[in-house]
Every structure is written in structure tokens, then in C-alpha cells.
Amino acid sequence: MRHSVGSVLDDVPRDPFADDPNDPAAALGELDNTEPLTSSEREEALTDLADVEVFRSLLEPQGILGLVLECPECGEQHYFDWDLLRGNLRQMIDEGRPQVHEPAFLPNPADYVTWDYARGYVDGVIDTEESR
Ligand SMILES: [Zn+2]
């Protein structure tokens, strides 16, 4: 997060962690107007989270470290490792905040696959198992 909250926090006396520089919520002080997820958005995030867990369980043993996703903010491809993907989705589900713009540091593109690839891979594995 690179939000500049400036003096906004000074006007929020009810924040019990206002004096704690390590409080992760401090950077989010200006988000009082955050809309909670709609039920369909929440549903979608839960589905994505379940997908990510399945992708990880099948792809991580193949040496895949995460997914490459197009960033809705800047339109570029960003690399997200499994923990980051899961963390982002959980945060969105729990707190109604959008995905954090925080790609992995200096990723090796060969270690990441697209969502569609992961989906296809999982479907292929399931088909193979069902036809045995
Ligand atoms: Zn971006």
C-alpha cells in the first residue's frame, strides 16, 4: 500500500492503535467509506479462493510458484505467489477490501502460470481421474 494518509488519522480518536507504527490498519485509516462486498462479489471471492487452493495443491508439486494475473489497476501482468493470492482473497472476503497491488519481487516468469492454464490443468487432471 502506498497511500498517504497524512493528518487524516489525527481526526480518528477511536483507533486504539493510532500510536502503533506497526498497526497494519493504520495505512487504511482513510477507508472508512469502504463498501462491503456484495454477496455476489463475496461468492466470487470464495470461489476464487477455493480454486486457488486446488490450483496450488496440483501445481505446486510441479514447481509452479503462483499465478500471473493482469492487474486491474495498471493493466500489466503481475506475478502472485500462492500465499499472496490466498492472503489477498481472504482479506477481500474478511474485510471487503480489494486485492492489494503487490506483485512478487523479481519473479521468474517460468515459475508462474495463468489462471486459465491452471484451470485447464486442474480440469485435465480431474478428467483423467474420472476416466480411470
Ligand atoms: Zn499493477
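Above this text is the structure in question.
Scoring rules and cut-offs
- Residues numbered from 1 in each chain as written.
- Predicted model: local features only at pLDDT ≥ 70, side-chain atom pairs only at ≥ 80, totals over all residues.
- Heavy atoms only, no water.
- Helix = DSSP H or I, 4+ residues; strand = E, 2+ residues; numbered from the N terminus.
- Expected span 1.5 Å × (residues − 1).
- Buried < 20%, exposed > 50% of the residue type's maximum accessible area, 1.4 Å probe, protein only.
- Contact = heavy atoms within 4.5 Å.
- Polar contact = N/O pair within 3.5 Å; in protein donor to acceptor, adjacent residues only side chain to side chain.
- Core = buried A, V, L, I, M, F, W, Y, C linked by side-chain atoms within 4.5 Å.
- Phe/Tyr/Trp six-rings, centres within 6.5 Å; stacked < 30°, edge-to-face > 60°.
- Salt bridge = Lys/Arg side-chain N within 4 Å of Asp/Glu carboxyl O.
- Axes fitted to C-alpha atoms, helices over the stretch in contact; angles between N-to-C directions.
- Parallel < 35°, antiparallel > 145°, perpendicular 65-115°, else oblique.
- Left-handed = near helix turned anticlockwise from the far one by under 90°.
- Nonpolar A, V, L, I, M, F, W, Y, C, P; charged D, E, K, R; others polar.

K.L.:
What is the right way to read helix α2 (residues 82–95) from this model?
P.N.:
With 14 residues, α2 should reach 20 Å at 1.5 Å per residue; the first-to-last C-alpha distance of 20 Å fits that figure. By the burial criterion, the buried members of α2 are Trp-82, Leu-84, Leu-85, Asn-88, Leu-89, Met-92 and Ile-93. On its buried face, α2 sits against α1 (39–59), β1 (66–70) and β2 (77–81). By the N-cap criterion, in which a side-chain oxygen at the helix start approaches the backbone nitrogen of a residue two or three places on, α2 is capped by Asp-81, the distance to Asp-83 being 3.2 Å.

K.L.:
Sorry if this is basic, but what is going on with the side chain of Arg-56 here?
P.N.:
Summarising the element assignment, Arg-56 is placed in helix α1. What makes Arg-56 buried here is its relative accessible area of 18%. Polar contacts involving the side chain of Arg-56 include one to the side chain of Asp-83, which spans 2.9 Å. What Arg-56 contacts, discounting residues up to four positions off in sequence, is Pro-61, Trp-82, Asp-83 and Arg-86.

K.L.:
Help me understand the nonpolar core in this model?
P.N.:
Taken as a class, soluble globular proteins show a tendency for nonpolar side chains to be buried jointly. Grouped together as the largest cluster of nonpolar side chains are 18 residues, with contacts concentrated most on Phe-55, Leu-59, Leu-67, Trp-82 and Leu-85. Among the elements of the structure, α1, β1, α2 and α3 (115–130) are those that each provide at least two residues to this core. Counting residues per element, this core draws most heavily on α2, at six residues. Once residues lying within four places of it in the same chain are set aside, the contact partners of Leu-85 are Val-52, Leu-67, Leu-69 and Phe-80.

K.L.:
Got a minute to help me understand the packing of aromatic side chains in this structure?
P.N.:
Working definition: an aromatic ring pair is given by the centre-to-centre distance plus the angle between the planes. Within this structure, the stated rule accounts for three aromatic pairs. Each ring, one from Tyr-79 and one from Tyr-112, has its centre 5.1 Å from the other, and the planes form 70°; the classification is edge-to-face. Here Tyr-79, found in strand β2, pairs with Tyr-112, found in strand β3 (residues 112–114); they are 33 residues apart in sequence, far enough to count as distant.

K.L.:
I keep staring at the pattern of salt bridges and nothing clicks. Help me out?
P.N.:
Scanning the entire structure with this criterion turns up six salt bridges. For Arg-56, the salt bridge is made with Asp-83, and the minimal N-O distance between the two is 2.9 Å. In this pair, Arg-56 is assigned in helix α1 and Asp-83 in helix α2, connecting sequence segments 27 residues apart. With a relative accessible area of 47%, Asp-83 lands in the partly exposed category. Across the pair Arg-86 and Asp-83 runs a salt bridge whose closest N-O atoms are separated by 3.3 Å. Placement of both Arg-86 and Asp-83 in helix α2 is noted, with a separation of three residues, approximately one turn of the helix. Relative accessible area serves as the criterion here: at 28%, Arg-86 is assigned to the partly exposed category. Salt bridges sharing common partners tie together Glu-53, Arg-56, Glu-60, Asp-83 and Arg-86.

K.L.:
For this particular structure, what's the right way to read the packing of α1 against α3?
P.N.:
Helix packing for two helices is described by the angle between their axes and how far apart those axes are. Relative orientation of the contacting elements α1 and α3 amounts to 70°, with a least axis distance of 10 Å. Looking at the two axes, α1 sits roughly perpendicular to α3. As for the relative orientation of α1 and α3, their crossing is left-handed in sense. Between α1 and α3, the residues in contact are Asp-48, Asp-51, Val-52, Val-54, Phe-55, Leu-58 and Leu-59 and Trp-115, Tyr-117, Ala-118, Arg-119, Tyr-121, Val-122 and Val-125, respectively. Considered class by class, the residues forming the contact of α1 with α3 number eleven nonpolar, no polar and three charged.

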